[in-house]
Structure formats: C-alpha cells, structure tokens
Amino acid sequence: MRRRRFLQATGSAGALGLAGCLVQDDGNESTDTTISETTTGTDATGTTSETTTTAEPDLEGTITVATYESFLNAPSESYDAPGAFVKQRFEEEYPDATVEFTVPSNGLNEYIQRRQQGASVDADVYVGLNVDDLVRIDENLGDRRLFQALDTDRMERASHVRDDLDFGDPKGRALAYDTGYISLVYDERDVDAPAMLDALTTEPYAGKLLAQTAQGTDTGQAFLLWTIAEKGPDGYLDYWEQLLENDVRILGSWWDSYSAYLDDQRPMVVSYSTDQVYANRDDQNMQKHQVAFPNDEGYANPEGMGLVQGTEETDLAYAFMDFVLRGEVQRTIALANVQFPAVADEHVDLPSEFSDYAHRPENPVSLGYDQLKGNLSGWIDEWSRLVASN
Amino acid sequence: MSRAPVDSAVRTRVRRFVDDHGLAVGVAGTAVVLLLVLYVPVGVVFAEAFGVDGRLSLARFAAVLTDEFYVGALAGVLDSPFAFGEHAAAVAGFFAGFGVRTATFGPVPYPAPVLPSVETGLFGFTAWQALLSTIASVVVGLPAAYVLATFEFRGRRTLRSVTILPFVLPGILVAAGFYAAFGESGLLNDVLGVVGLHQSLLETNPLFVVILAHAFYNAPLVARVTTGAWESVDARMVETARSLGADRRRAFRDVVVPQLLPAVMASALLTFVFTFMTFPIVLALGGLQLATVEVWVFTAASNLDVPTAATLAVLETAISLGLTYAYLRYEAGRSGLGSAGGDVDREPLLPDLANLDAKRLGVLAYGAFAGVLFLAPLVALVAESLTNGSGFTLQHYAFLLDRQTTGAAFQTKPLDAILNSLAFAAGTLAVAVPMGVVVAVVSSTAGRGRTLVDALAMLPVAVSGIVFGVGLLTGLVFGIDLPGPYTLKVTGPVAVVAAHAVAAYPFVVRNVKPQLAAVDQSLVESARALGATRVRALLDVQLPLVWPGVLAGAAFAFAISMGEFDSTVILATQSSTATMPVAVERYLGRTLGPAMAMGSVLLAVTAVSFVAVDRLGGYVGEVGR
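What you are looking at is a predicted structure, and each value in this text was computed from that prediction instead of being measured.

A. Region of the structure containing the overall build of chain A. For chain A, the helix and strand inventory stands at 16 helices and twelve strands. When each of the 390 residues of chain A is scored for burial, the buried share is 59%. Sequence separation of 24 or more characterises 77% of the internal contacts of chain A that already satisfy a separation of 6 or more. Looking at chain A as shown, the accessible area adds up to about 14800 Å², and 44% of this sits on carbon and sulfur atoms.

Given below as structure tokens:
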C-alpha cells in the first residue's frame, strides 16, 4: 500500500487536472482524441528538434515489448488481440518509435533463467506480470534484478490505476494494466449460486464443480489462494479435503475445464467474472453463463507491466506504459482480452455490451506480495499432493 | 534415360565415396547431431539431479525414493533396506493397489481399471496407467494390422497411410475431440440417447477414458509397426509350412507369429514408454487426481526447481531405459528368424455378401469399434470447426483466411504455418531416416555392448519432454560456454529440424532393426564375397528387403515432426517459423472454432502428406527392387 499512498500524495492537482481532461479526450469523441494527439505530438517534435535540455525525454528508437501469446494472437471474429492496435497507435503518436513484440517461449521463466545464467534479456518492457511472478523472481534471483522500481511520477496516468489493484510489492516494480476476477460460472438450470464458499462442500454441489490445477494455471491458483484467504494457511487443506470428498474435479488448465463445462460435463466451473461478455457476443444461452460470487467475493488477479532492469530505452518505455493506461487503450485491452481495465471508471469509457455483462465482486480478495512471499510454492505443493493422492 | 558423360563421371565418384565412407560419415553425422541436440542439453539438466551445494550427491534420489507420495508403500524399503519381512508386505500392498473391476455402460459390461489407492504412489500409478494403456493399444492395434496385412479392399493403401494420423494431433485437440465425442453432450451420447442409453464415461470413469485416449494415440503405432513387419513375412515360408501339412492356424502360429512378435513387442515398448511420460492428456481428461510423474516434472520445471525436475526425470528415464534394455535383450535373442522379403497374398475382404464368414464378421465388428474410437473424435473436431452456437458456419475458416491476408507481421499466419510444417517434416525425413538406418545397422553389427548402445539410442523416447525442453532452452538457446572465447548456440530452422530428427529416429530404428535382423545373412555375405562394400551390400541387398520397415519408420519421422510442439516453440523463436500445431495452440480462445479450424487444416494437410510419403516411398521401394 505504500506506493499507493505515495502516488496519491504526489498526484498533484495540476497532473490530475490534465489527466482528467485527457481521459475525456481519450475515451470519447474523436475530436477530443485529436486534441490529445496534438499535445503528445508536440512533445515528440520537441524531442526530435534537438533543443538540448537534459530533461527532454528521448522518444526515438525501438522498444521491445515482451508479453504473452494471447496479447498478440487472440482469435476472435469481433475483437482481435490488443497487440496490433497498441503497436499501430503508439507508433502514430511517436513517429520516431517502433514497437517490437517478443514472446519468450517459456514466459517470464525464460527471463529469470536468462538472468540466472547471465544471458541477455532482450526486452524493455514486460506486459503480463502477476504478483506471484514477482515472488518467483525474488526467490530465484535474490539480489539480482529483473525489473526496476517504477518511477510513477514519469507516467501521467499512473494515478488513474485503481487502488485495489496494487501489487503490494515493496520494490514497486509493477503497475496494473488490467484485471480479472476469478469467480464461479454456473448453469442456473442445473444448480443454484452458492452463497458461501462453504456451501461448495455440501450435498447440492456434490459432483458439480470443475476447477483447475493450481500448478501453473492462473485461475486454479487464484481459486486456491481465495480459499487460503478465506480459511487461512492452517485451514485451507481441510476445506479442500471436504471439497474433494464432495467430488470436485480439477483439470489441467482453464481451457480444459471450460471446454468440459461447455460440453455440459458439469454445471459449474471456476472461471472469470467477465464470462457473460463472451456469452453475449457469441449469442449463447445466458442461463448457462451465470456468475456467482460466494461470500460476495471474487479473487482479483491484476496483470501488470514492468520495466526491464538495464533497458536503454527508459524514456520510451515510460511513454509506452503511460500510453497503455490511456482511456482508448484501456478500452481496447478490456474489450479484446475481456478483462477489466486497470484505471478507475471515470478514465475509461466502456460500451454497454461490456459493462452490462462484466460483473465485479462487491469484495475483491487478493493476497499481496508480502503474504505470498516464502509461502506460495509450499501452499501449492501441499495442495497438489493432497489432490493427487486422493 | 541417357546420361551425359560428365554427369556419369560425377555419379561414379559420388558412388565410390558413398561405398567407401558412407557408413563412417553416417555414424559421425549421427553422433554430432545426437551430441549437440540431445546429450549435451539433457546432460546439462540431468547433472542438476546429482549435485547438492556443488558436491556430487545422491541425496535428491534418496529423498524421492523414501517419500510415500512418490513410491507409496515402497517408501520404507530404501529407508531400512534389510527389514525383508516388512518389505514383502509393503510390496504386496503396492501391488494390491491395482486391479480391474467390471463396470457397465448401459447394459454393456466393460473392464474398468481400479483407481489405485495411496499405496502405489505417483510412480506406481504412472506405471499402472501406462501398463493398461499399453495393453489397450495392443488390443486395439493388432486387429488393425491383421486386417491391413491380410485383406484386400478398396482404400486399403490409403487407410494404411493415414493410420498414424492420430499420432500428429496436439493433445489439446485430442482432449477437445474426446469431449465432443464421448462427453456428456457428445456425439456418442447423442446417438446412444436415441436408444435410451445415456452415460458420461468421462464422469463415471475418467481413467478408462484416459486409457482410451492413449489407445487412440498409440494403437495406430502398434498397427503401423506390425503391418510393416507383416508385409515382410515371407509368404513362401507359410506355403512351405502348409505344404508340409500344417493347417492354417498352425502355420500362422509357428511361422507368422514369431516374425511378428518383435514388431509387436517393440511397439508395445514404445507405447509403454510414451504413456509413462504422459502429461497433457491425463490433466485434460482425468485431472490432477490422475496425475503422473511427468506432471510433477512439469510443475517443478515451471517453478524453476530444476534439480527436482531433473531428479524425477532421471528416475523416469532409468525406468524407461531399463525396460528398453530388457526388451532389447529379448529382441537380440530372437534375431535371425526366417528371412525378410516376399509379398503377402491378400484375400478380398468382401468378395460377396454370401461369403460373410465368422472371420469377416469379426473384422466388420472391429471396424465398427475402431470407427467409433478413431473417427468420432476426428469427426467431432471437424464438426466443431464448422459450427458455432447457432449452427453451421464457415466463419472460423474465414478467420484463418483473414489472419492470412490482414494479420500483423508478429502474428501467426496459417499458410506460413503449413509451409513451415511441411519444410520441417521434409527436413526431418531427410535427417532421421539415414540416422535411424545407421543406428540400426551399427547396433545390429557391433559386438559386445551393442544392446547397451541400442538402449542408449532410445534415449530421445525415454527422456521427459519437459526436461528436453528445459535443456534445449538453457543449453542451446541461451548458449553453453565453451573453452576459450566460444559459445555454443543453436537456434532457428536447422535446430528445429535437428530436434525433430532426434525425436523421430528411434522410430526408424525400431521399425528397421527387427527386419534387418531377419534378413538372411548369407545374402549379405554373398554380396560381400562378390566384392560389394558394406555400404553397397546395405543399399543394394538389405534395404530393399526391409523397405516396408524403412517406409513405416519414415512415416513416423514425418508424423513426429508434423505433430511436434514443445521444442518447435523453444527453438523457432519467431512467429514466422510457427508450425501447424503451434498455430492451433495460438488460435485457442474462448470459443473452440478457430483452433479447431486450424486443427482440421492440420488433419487434412497431414493426411495428404502421409499418403504422398507412402506412395512415393512405395514407388522408390519398387524401383529399388
């Protein structure tokens, strides 16, 4: 929370005022967008015209953005992955800049291993960091850094990010750009929404629930952490033992379990609270796409971006991250990824086809860096041994 | 064909070089590829298992072997090695964990494996499901080989070519196909629902479905390898046996079976080793409750706990290689049976309807069963690509077209993926077949220790795919420091082909070697006595005789390359080098359509390629004879 308070303190009236006006620009009308483009365009010209003030940012060059596959390649008839849009718009804004995307074949692990072995990390910005990634980085790299502390003053819109999406990282390395809430998706023709997590261990839910392994899937891990937040590190295994007795099925990936769900294998699945957005787009039966928030909770899984330690394109990288928080980009990412924007509602304008169907839990739950550090892999290990021996 | 004199001079020189040095070059080339793409990367990872704090130690192995979670009731054995009485009980408890009960699907009884209790540990369960999967694959695969080798019917050759089609399918597609075919609202239930039979096999018996899925993958392997051997069975020997008074059944048992057994056993071994290493299929269909050792290897690797991943992987490899070694000793004891060559006389499957005897009815019944098992998931997959929530649509294929024409440079384009797949597969074929033949020849002629060499040559099959991936990444992609200012780094298309070839060549070896051993040695000796070099004798005498085996091996090499995913992703870092399975993975979204459309393209392209490889190979074989 420290970083958040810091942000609020430094978010001066001037910056906020400017930001507020920019949001109106970004989000809504095309005429307003022009204004914002002109503003930023002037900045860029200022740089290239070589008026030498040291404070002038260097916005020329190629910035390599490392990310995950579906940021670039999401197949959908209505919304393509955000990658193409982000690249094109950014290069329009910063004519001397080029965005190159790279997808490390083993995700962030590849970069951690590269750092371990002293091989080069050829990226400037990483898009797609989770809290547990930060924990894993620190457990494996110790004092060696993969991401550097973010100077949020250098991003106009850093203050737009919602407070509840803070990573709790003492080193302040990640800034959220979107978030999902893990919840239950159910078929109301077959089963009722459970009011509490505890209800899932009772007879009406016997043999009803599909979940994912917490070993290496975001949703499975989030659901496990939710139960830990609820039952505590000493009580969660008992709870899971009861869940297993109640015949929960834990499949290999979100995709495995969701396709089993679509196939009517079981009437309830651990998934994202934005499920209805897809159902609406694909003209699916809404009865099969109901979202439940037991205890009025859902587990927040913010995705963040970070600045690779040692990048030579710091200015461009900050410009890029700030750009990602712009209203129009936030909107694009939200619609294409079907995740919630990271910025507060007043900074982004979402069409009703999204906001009507994307549900947010009343009480978002999440464990921060401090709680996960030193515990995460142990929790997952205990849990998976319990499941595999059952 | 008339040849220019210069051309023929070059030919003569090339021919002489091949005659004199061909085998040596082949051996050296094979060794280099194996060293670079297999032994070094895997060695780098395996070494982690043997070190604790920089010192050589077996502590990690001891920890695994005394952990009940891994080895169940056997955990105590290593803890106190000399308490024999207790161990007998522990071992009994270990094996008591297994069993098969009778379940029913509607009124139809079927054998359902018992999900073993905690007593068996992760290794025990892994071995148990691999054993069952192997039995299922042989039971399903052998009749197919019998039908393909002994009957003539329309489309036989095409069917024979496409039998290994399931082999190339990414696990994710197979899982989706199985859901769509055998799931709660799948095709099978739709059909059975008409007669009032409705049951979700996946819900009531996930282990059984996992085993079916493994049979879906591996029965074609059994069928393919065995058909190859069957087609090399010398018809004259059968005739001789018949003319000496043996009845049909006796001739089959005494002449044909001994010649098939090595092929059946070899394919069973490959199936066991494959399913022992199974990973995505169990998690997708059965879930974590059916986790195998490889699931733990994966988790450890993704937590960057390489020592644990390596320790488990070394144990997996030890078990697989141990089995392989045992099998090879058996195979060596059986070589020299009969002689390869000759053609099988096939009977027409359906001469006329009046001639439907029990045998043919059995074949038809089997055909119906195989049709459900193999076609249902494939049909379901294609159907998924042609429908959306509301009915028939071509929108998923339109997506592929659209991605091809308007996709960004960093996106995966379907046509590029098709061409990359074909290019890599052709490259793999060109590298893996000579490698496999060389290893088969060397290991069948080398003196002592050849069984060991042969077992080691099976390493690519016996080593965990995840560990192989970690090795490729940290070894070849990051680079290995060599003495002096050099770093060894291999990436890009050449590395992809090499990795595919390494994964594929054991299949060539296992297809060729048993048949090579069956070639009458006196033929080779005569050729040598008449002045032919070792290579010339191989090319002119042995290979034509074992051509069905070479062809079967080549088809596998092609299939492995077409279906390979993990090392392609690691070594081909640019999206422009993505292959079809990679594209399938990348087109996965909330709706299955686009990925299934790409999967259908993968199916179609591979099916056509298999037929082409087989026909072309058959043609080359004919010319060779």
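Following the structure, the description resumes.
B. Spotlight on the overall build of chain B. Summing up its helical and strand segments, chain B has 29 helices and ten strands in all. Overall, the C-alpha framework of chain B stretches about 80 × 70 × 65 Å when taken along its three principal axes. Among the 625 residues that make up chain B, the fraction classed as buried is 56%. When the accessible area of chain B is evaluated, it comes to approximately 25800 Å², of which 66% is carbon and sulfur surface. One way to put it: in chain B the 38 positive side-chain charges average out to a point 10 Å from where the 41 negative ones average out.

C. Layout of helix α10 (residues 254-262) of chain A. Most of α10 of chain A sits inside the fold, with eight of its nine residues counted as buried. Looking one or two places after α10 of chain A, you find D264 of chain A, whose phi comes out positive at around 65°.

D. Region of interest: a nonpolar patch on the surface. Residue and element names in this part refer to chain B. On the surface, L35, Y39, Y325, L452 and L456 cluster together to form a nonpolar patch covering roughly 440 Å² of accessible area. If you list the elements that add at least two residues to the nonpolar patch, you get α1 (5-47) and α20 (450-456). The topology assignment puts L452 in helix α20.

E. Focus on the packing of aromatic side chains. As enumerated under the stated definition, the model contains 37 aromatic pairs over all chains in all. Considering the side-chain rings of Y181 of chain A and F340 of chain A, the 5.4 Å spacing of their centres and the 65° angle between planes classify their relative orientation as edge-to-face. Residue Y181 of chain A is found in strand β5 (residues 175-186), and its partner F340 of chain A is found in strand β11 (residues 340-341); the two are separated by 159 residues along the sequence. Taken as a pair, Y181 of chain A and F340 of chain A share a single burial class, namely buried. Considering the side-chain rings of Y146 of chain B and F151 of chain B, the 5.6 Å spacing of their centres and the 90° angle between planes classify their relative orientation as edge-to-face. You can call Y146 of chain B partly exposed: its relative accessible area is 24%. Since its relative accessible area comes to 0%, F151 of chain B is described here as buried.

F. Spotlight on unusual backbone geometry. Residue and element names in this part refer to chain A. Here the phi dihedral of D247 falls at roughly 65°; this positive angle occurs in a residue that is not glycine. On the secondary structure map, D247 appears in the loop between α9 (236-245) and β7 (249-251). One non-glycine residue, D296, lies in the positive phi region at around 60°. One can find D296 in the loop between β9 (290-292) and β10 (297-308).

G. Region of interest: the packing of helix α5 (residues 82-93) of chain A against helix α13 (residues 327-337) of chain A. All names here are of chain A. Relative to each other, α5 and α13 sit at 165°, their axes nearing to 9 Å. In terms of axis orientation, α5 runs roughly antiparallel to α13. You can see that α5 and α13 cross each other, and the crossing is right-handed. Contacts from P82, F85, V86 and R89 of α5 reach α13 at E328, V329, T332, I333, A336 and N337.

H. Quick look at the side chain of K288 of chain A. With respect to the secondary-structure elements, K288 of chain A resides in the loop between α11 (275-281) and β9. Excluding residues that lie within four positions of it along the chain, K288 of chain A makes contacts with V185, Y186, D187, R189, Y261, L262, D263 and D264 of chain A.

I. Here's a closer look at the pairing of strand β4 (residues 108-113) of chain B. Residue and element names in this part refer to chain B. With six bridges connecting them, strand β3 (residues 100-105) and β4 associate as antiparallel partners. Bridge pairing links T102 to P111 in β4. Two successive antiparallel strands, β3 and β4, enclose a turn made up of two residues, where G106 displays a positive phi of approximately 65°.

J. Representation of the interface of chain A and chain B within the structure. Taken together, the contacts link 57 residues of chain A with 56 residues of chain B. Carbon and sulfur atoms make up 55% of the surface buried where chain A meets chain B, a total of about 4800 Å² over both sides. The tally of links between chain A and chain B comes to five salt bridges. One salt bridge connects E203 of chain B with R249 of chain A, and the closest N-O pair in it is separated by 3.9 Å. Applying the counting rule to chain A against chain B returns 16 residue pairs in polar contact (both at pLDDT 80 or more). For the side of chain A that touches chain B, the residue count by class is 21 nonpolar, 19 polar and 17 charged.

K. The confidence of the model for chain A, seen in detail. Of the residues in chain A, 85% reach a pLDDT of 70 or more, and the chain-wide mean stands at 85. Low pLDDT, under 50, characterises residues 1-53 of chain A; the stretch is placed with 57 contacts to residues that sit more than four places away or in other chains.

L. Region of interest: the packing of helix α6 (residues 121-150) of chain B against helix α17 (residues 358-385) of chain B. Residues and elements named next belong to chain B. At a minimum axis separation of 10 Å, α6 and α17 run at an interaxial angle of 125°. Overall, the two elements α6 and α17 adopt an arrangement that is oblique. Classified by chirality, the crossing of α17 by α6 is left-handed. Residue-level inspection shows V140, P143, A144, Y146 and V147 of α6 in contact with α17, the latter providing K359, V363, Y366, F369, L373 and F374. Among the residues forming the contact of α6 with α17, the class breakdown is ten nonpolar, no polar and one charged.

M. Region of interest: the confidence of the model for chain B. All names here are of chain B. When the pLDDT values of chain B are averaged, the result is 84; 94% of them are 70 or greater. Below pLDDT 50 for its whole length, residues 336-340 participates in 16 contacts with residues either more than four positions away or in separate chains. Across the interfaces of the predicted complex, the ipTM metric reaches 0.87, alongside a pTM of 0.87.

N. The environment of T332 of chain A, seen in detail. All names here are of chain A. As for its position among the elements, T332 is in helix α13. Judged by its relative accessible area of 19%, T332 falls in the buried class. In sequence terms T332 and A81 are 251 residues apart; their C-alpha atoms lie 8.9 Å from each other.

O. The arrangement of helix α15 (residues 293-302) of chain B in detail. Residues and elements named next belong to chain B. Counting buried residues along α15, eight of its ten residues qualify, which places the element largely inside the surrounding structure. Regarding α15, the residues found buried are V293, E294, V295, W296, V297, T299, A300 and A301. One or two steps after α15, the chain reaches L304, where phi turns positive at roughly 60°.

P. Highlighting the pattern of salt bridges. All names here are of chain A. Following the criterion strictly, the structure yields 34 salt bridges over all chains and no others. With a shortest N-O distance of 3.0 Å, D247 and R266 are connected by a salt bridge. Taken together, the residues D247 in the loop between α9 and β7 and R266 in the loop between α10 and β8 (268-272) connect sequence positions 19 residues apart. Judged by relative accessible area, D247 falls into the partly exposed class, the value being 33%. Given the relative accessible area of 2%, R266 is considered buried.

Q. A look at the pairing of β8 of chain A. Residues and elements named next belong to chain A. Burial runs high along β8: five of the five residues are buried. Strand direction decides the pairing type here: β5 and β8, joined by five bridges, are antiparallel. The residue bridging L184 from the neighbouring strand is V270, located in β8. As judged from the two bridges shared by strand β6 (residues 209-212) and β8, these two strands associate in the parallel manner. For L209, the partnering residue across the bridge sits in β8 and is M268.

R. Structural context of the side chain of T201 of chain A. By the element assignment, T201 of chain A lies in the loop between β5 and β6. In this structure T201 of chain A touches Y239, Q242, L243 and N246 of chain A, once residues within four positions along its chain are discounted.

S. Examining the environment of G186 of chain B more closely. For G186 of chain B, the position within the fold is in the loop between α8 (171-182) and α9 (187-194). Separated by 173 residues in the primary sequence, G186 of chain B and K359 of chain B have C-alpha atoms spaced 32 Å apart. Ignoring anything within four residues of it in the chain, the contact list for G186 of chain B reads D263 of chain A together with Y179, A180 and A181 of chain B.

The rules we used
- Residues numbered from 1 in each chain as written.
- Chains lettered and ligands numbered in written order.
- Predicted model: local features only at pLDDT ≥ 70, side-chain atom pairs only at ≥ 80, totals over all residues.
- Heavy atoms only, no water.
- Helix = DSSP H or I, 4+ residues; strand = E, 2+ residues; numbered from the N terminus.
- Buried < 20%, exposed > 50% of the residue type's maximum accessible area, 1.4 Å probe, protein only.
- Contact = heavy atoms within 4.5 Å.
- Areas by Shrake-Rupley, 256 points an atom, 1.4 Å probe, with all protein chains shown as cover.
- Lys, Arg positive; Asp, Glu negative; His and termini not counted.
- Charge placed at Lys NZ, Arg CZ, Asp CG, Glu CD.
- Patch = residues over 30% accessible without salt bridge, like charges linked within 9 Å, V, L, I, M, F, W, Y side chains within 5 Å.
- Salt bridge = Lys/Arg side-chain N within 4 Å of Asp/Glu carboxyl O.
- Phe/Tyr/Trp six-rings, centres within 6.5 Å; stacked < 30°, edge-to-face > 60°.
- Axes fitted to C-alpha atoms, helices over the stretch in contact; angles between N-to-C directions.
- Parallel < 35°, antiparallel > 145°, perpendicular 65-115°, else oblique.
- Left-handed = near helix turned anticlockwise from the far one by under 90°.
- Pairing = 2+ DSSP bridges.
- Buried area = accessible area lost by both parts, 1.4 Å probe.
- Polar contact = N/O pair within 3.5 Å; in protein donor to acceptor, adjacent residues only side chain to side chain.
- Nonpolar A, V, L, I, M, F, W, Y, C, P; charged D, E, K, R; others polar.
- pLDDT = per-residue confidence, 0-100.

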